[in-house]
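An overview of the molecular structure
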Amino acid sequence: MQVTITINGEQVSRDVEPRMLLVHFIRETPGLTGTHWGCDTSNCGACVVLMDGKAVKSCTTLAAMCEGHEIRTVESLEVDGRLDPIQMGFHEQHALQCGFCTPGMLMTARALLDENPNPTDLEIRTAISGAICRCTGYKNIVSAVRWAAEYEAAAAKQEV
Amino acid sequence: MQTPASFEYERATSVEGAIASLARLGSDARVIAGGHSLLPMMKLRLAEPAHLIDINDLEGELSYIRDDGGEIAIGALTRHVDLLGSDFLAEHFPVFRDAEEVIADPVVRNRGTIGGSLCQADAAEDLSAVCTAVKAKVVIRGTGGSRTVSMEEFHVGPYVTAVGDGELLTEIRLPLFPGAGSAHEKVERRAGDWAIAAASAAVWLDSSTISNAGIGLSAVGLTTIHLTRAEELLKGKPPSEELFAQAAEIASEDCSPMADGRGPVDYKRHLAGVLTKRALSRATARALNQEA
Amino acid sequence: MAVTENLPSPQTERPIGFGRLKRKEDARFIRGQGNYLDDLRLPGMVYGAMLRSPYAHARIVSIDTSKALAHPNVAAVITAKDLETLGLAWMPTISYDTQAVLAGDKVRFQGQEVAFVIATDEYSANDALQLIDVEYEPLPAVVNARKALDDDAPLIRDDKTGQRDNLASPLWEAGDKEAADKAFAEADVVVERDIIYPRCHPAPLETCGMIADFNPKTGQLDIYNGNQAPHAHRTVYAHVAGLAEHMIRIMCNDIGGGFGNKVPVYPGYVCAIAGSIVAGVPVKWVENRSENLMSTGFARDYIMRSEICAKDGKITGLRVDTIADHGAFDSTAQPTKFPAGFFHIVCGSYDLEAAHVQVKAVYTNKAPGGVAYRCSFRITEAVYLVERMVDALAREMKVDQIDLRMNSFIQPEQFPYETTTGWTYDSGEYGKTMQVAKDIAGYGDLLREQTEKRARGELMGIGV
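Residues numbered from 1 in each chain as written. Chains lettered and ligands numbered in written order. Predicted model: local features only at pLDDT ≥ 70, side-chain atom pairs only at ≥ 80, totals over all residues. Heavy atoms only, no water.

What follows is about the interface of chain B and chain A. Taken together, the contact between chain B and chain A spans 29 residues of the former and 30 residues of the latter. At the surface where chain B touches chain A, the tally comes to 1 salt bridge. When the shortest N-O distance is used, the salt bridge between Asp105 of chain B and Lys57 of chain A registers 2.8 Å. On the surface where chain B and chain A come into contact, there are 11 residue pairs in polar contact (both at pLDDT 80 or more). Sorting the residues of the side of chain B that touches chain A by element identifies strand S1 (8-11), helix H2 (38-43), strand S3 (51-54) and helix H7 (106-109) of chain B as the ones contributing at least two each. Broken down by class, the residue content of the side of chain B that touches chain A amounts to 14 nonpolar, 8 polar and 7 charged. (Contact = heavy atoms within 4.5 Å. Salt bridge = Lys/Arg side-chain N within 4 Å of Asp/Glu carboxyl O. Polar contact = N/O pair within 3.5 Å; in protein donor to acceptor, adjacent residues only side chain to side chain. Helix = DSSP H or I, 4+ residues; strand = E, 2+ residues; numbered from the N terminus. Nonpolar A, V, L, I, M, F, W, Y, C, P; charged D, E, K, R; others polar.)

Written as structure tokens, this is what we have:
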């Protein structure tokens with residue numbers, strides 16, 4: 001069946017089987033291998049993308065379900081050479097080692113800050129509880145999100 | 001990653017249309033909403049439906065939490081995240097918020113629905129116990145019209161509900177009576193996991209006695225355990241820790257847990273008792289407005 | 001990148017280098033531009049999937065691949081019979097054992113590789129697995145390492161000539177048994193414990209996999225995979241595929257975690273290589289998470305019976321008898337033949353009179369291994385053992401767990417110190433270090449807190 005999904009603002013249209021999972025649809029799109037997969041049971045969160053602004057597990061979503069919806073992947077964070085503050089935060093706070101969980105974490109964090117610009121540590125930890133990291137022990141991921149929240153708050157003040 | 005077997009797919013544009021398709025396709029068809037119970041089973045090839053009917057576009061008709069004349073009506077397509085976030089629901093039945101906080105994880109909760117959870121009918125599913133405790137009734141619609149059933153009638157067995165071929169679960173209705181308090185207690189191996197055991201309790205207090213009580217247990221039987229014997233014990237009595245301890249003993253006796261990777265039988269029975277007692281205590285404190 | 005700031009003085013909070021150098025690799029990872037194995041697509045690439053045994057121990061009566069071969073998207077189905085003609089049915093392990101690439105006569109662990117499907121896409125490859133019919137004759141299985149050497153235990157490695165039991169290696173010993181027995185005979189206190197370190201799994205977030213790309217025109221084999229030991233793998237593949245080493249290139253680009261799990265050579269790799277050699281196109285095989293947990297290199301699984309003794313308030317002797325569970329094939333990722341890490345430091349920081357340690361490796365009907373999870377080579381097992389035993393001894397002697405250690409430490413003047421298991425420690429100030437640790441932790445306050453809590457019926461332990 002023909003499936004058309006808006007990914008990072010662009011229409012991507014392909015003929016796929018109904019059972020094609022969103023994560024595979026994304027990863028087979030040129031330039032979009034940043035979204036990963038790591039489990040069989042919807043636990044690990046390496047596949048998290050945004051659907052209409054909400055974090056979803058793309059391994060547990062059919063591509064066909066996403067027609068008519070907006071999907072954002074990690075590749076959408078950097079705009080015109082400018083990194084998203086959440087990306088800067090991960091770099092500043094050493095929130096990644098192997099980098100495999102990083103796209104899922106970044107998108108989860110982006111959705112959190114879009115909804116809750118000033119989350120507590122507990123709120124950050126709860127928000128990222130749908131994604132697993134085997135390298136960092138999470139502490140620096142939490143401080144990276146905090147860093148990004150503070151950066152965005154300061155930037156907002158400056159604009160006003 | 002594991003991948004599902006092939007199936008035919010259609011997107012429902014109305015509840016009527018979904019039901020018509022279900023009726024036409026019969027037992028080969030399954031409804032898919034959030035898909036976070038069904039798709040994992042399909043990826044592991046534990047479920048291989050030939051047809052999927054996607055009802056995600058029906059949020060207008062099926063996603064709501066509203067006051068409906070003496071009852072709260074919840075649309076079957078209401079997402080877990082919305083149940084968690086509903087202050088209206090939490091005010092009347094905080095047990096839902098308790099349970100949602102420990103169901104899966106926030107990302108899964110963005111997609112999963114109450115209808116999907118109830119219809120998957122895994123014995124360890126939390127909302128089934130919650131609905132049992134709060135005396136919920138569910139509305140099932142077919143080509144011939146709607147029917148309303150109790151949670152006992154709804155739970156037929158493991159992964160089997162009263163929703164038949166050609167039918168769709170459309171609504172969950174919670175009766176509103178004064179003096180209500182409710183709570184959910186769960187023990188799991190890790191955050192977001194299925195329960196090793198969980199207990200949902202609701203009490204309705206009439207001045208200083210329990211006029212009605214509802215207790216449902218997760219993960220300690222082939223399906224949700226409805227502790228009718230404990231409910232009978234509680235009715236008409238003033239609440240007390242001793243009374244709850246007696247109810248806890250009944251919980252340990254009346255459940256039928258199986259040993260598995262989550263724990264042995266004696267541990268699960270023990271948990272059933274302890275969690276029942278805690279849920280009753282918290283539910284009562286809430287009914288008395290003593291808990292913050 | 002030159003560091004131009006002044007180096008911090010010893011008084012500053014952060015150690016040198018902390019926070020001043022940012023990682024270079026972040027640039028691609030935070031943009032989702034990492035180059036992990038599954039991201040790579042080569043022209044003409046086909047996909048492999050592995051059929052695995054549901055039984056822990058069973059004879060293979062027959063394998064019928066006809067329905068899978070009839071699938072329109074399936075290019076090939078490989079079984080042990082096919083590999084035998086290429087001399088690839090068995091491969092050497094890093095620990096001088098052999099491992100079945102695909103099971104021929106029987107399966108020896110649940111999850112063992114039985115057949116390899118190659119198809120035009122991943123979904124079809126997974127579908128084809130369900131179309132392969134294998135008839136098994138289940139056999140009794142042994143999954144408890146303590147029962148592996150019982151007289152009536154089923155023989156697992158009947159493929160090895162002369163193998164009459166489930167012993168996987170000769171007995172390894174270190175130390176001096178006579179001296180140890182003497183120390184125990186003269187001791188004031190003896191404590192015995194079973195110290196069990198269960199099997200666990202490194203579970204990197206990226207599972208194992210490979211693209212094997214053999215160019216039949218040039219004879220060059222290009223391999224892409226997340227790999228912690230590419231040079232060792234190249235030697236194994238050269239040996240197994242009959243290629244010269246310089247004709248094999250292994251490219252490990254980005255790796256989504258290893259932790260030891262990406263050290264062993266897995267049957268999926270060999271099948272992908274065989275598939276590519278035979279078909280002349282790139283073959284990609286990536287395992288799913290269930291396969292990773294069920295069949296790839298596990299860590300630990302040591303069952304240690306230990307005794308420790310003391311005389312006049314000082315630890316004097318240690319005896320350890322270990323059963324090491326290696327699963328159905330010994331594919332331990334250990335560069336030395338014997339569990340070096342275990343022997344060399346099992347005496348810990350203590351000036352023992354004598355010690356005797358022995359390790360028996362056994363086969364069981366479980367996944368083969370193990371690996372050095374977080375680079376342990378059995379050091380974690382040894383450390384866990386000795387410190388648990390010291391704690392148990394302190395409790396038995398009713399002395400403080402740190403005081404017992406302080407009394408038993410190797411003293412500064414004893415360095416360089418040769419342990420009774422034959423390792424030389426070059427230097428150390430253990431007593432001083434422990435005192436610093438006590439001070440930083442506020443050990444005295446912790447003890448007071450513990451006493452108060454215990455009086456109230458609250459549980460509190462202090463780990464040293």
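One pass over the structure, following the stated rule, counts 70 salt bridges over all chains. One salt bridge connects Asp193 of chain B with Arg190 of chain B, and the closest N-O pair in it is separated by 3.7 Å. Residue classification places Asp193 of chain B among the buried positions, given a relative accessible area of 5%. Through salt bridges with shared partners, a single network forms among Asp97, Asp105, Lys106, Arg108, Arg157, Asp158, Asp159 and Lys160 of chain C. (Buried < 20%, exposed > 50% of the residue type's maximum accessible area, 1.4 Å probe, protein only.)

Within the element layout of this structure, Asn166 of chain C appears in the loop between strand S8 (133-138) and strand S9 (172-175). At a separation of 3.0 Å, a polar atom in the side chain of Asn166 of chain C contacts the main-chain amide nitrogen of Ile156 of chain C.

If you look at the interface, chain A gives 37 residues, while chain C gives 34 residues. Summed over both partners, the interface of chain A with chain C buries about 2,900 Å², with 51% contributed by carbon and sulfur atoms. On the chain A side of the interface with chain C, the three residues burying the most area are Trp37, His91 and Arg134 of chain A, jointly 24% of the side's total. Counting every contact that joins chain A to chain C gives 5 salt bridges. Between Arg19 of chain A and Asp127 of chain C there is a salt bridge, with the nearest N and O atoms lying 2.7 Å from each other. At the surface where chain A touches chain C, the tally comes to 21 residue pairs in polar contact (both at pLDDT 80 or more). For the side of chain A that touches chain C, the per-class residue count stands at 17 nonpolar, 12 polar and 8 charged. (Buried area = accessible area lost by both parts, 1.4 Å probe.)

Residues and elements named next belong to chain C. End to end, helix H12 (residues 430-441) covers 16 Å across 12 residues, agreeing with the expected 16 Å (1.5 Å per residue, within 8%). When we look at burial in H12, the residues that qualify are Tyr430, Met434 and Lys438. In an axial view of H12, the angular spread of the buried residues amounts to 75°, which keeps them on one side of the axis. Across from the buried face of H12, at angles greater than 90 degrees, the exposed residues are Lys432, Thr433, Asp439 and Ile440. Taken together, the buried residues of H12 touch helix H11 (401-408), strand S19 (424-425) and helix H13 (443-455). Positive backbone phi, at 70°, marks Gly442, one or two positions downstream of H12. (Expected span 1.5 Å × (residues − 1). Arc of directions from axis to C-beta.)

Functional significance is not addressed by these values, which are geometric in nature.
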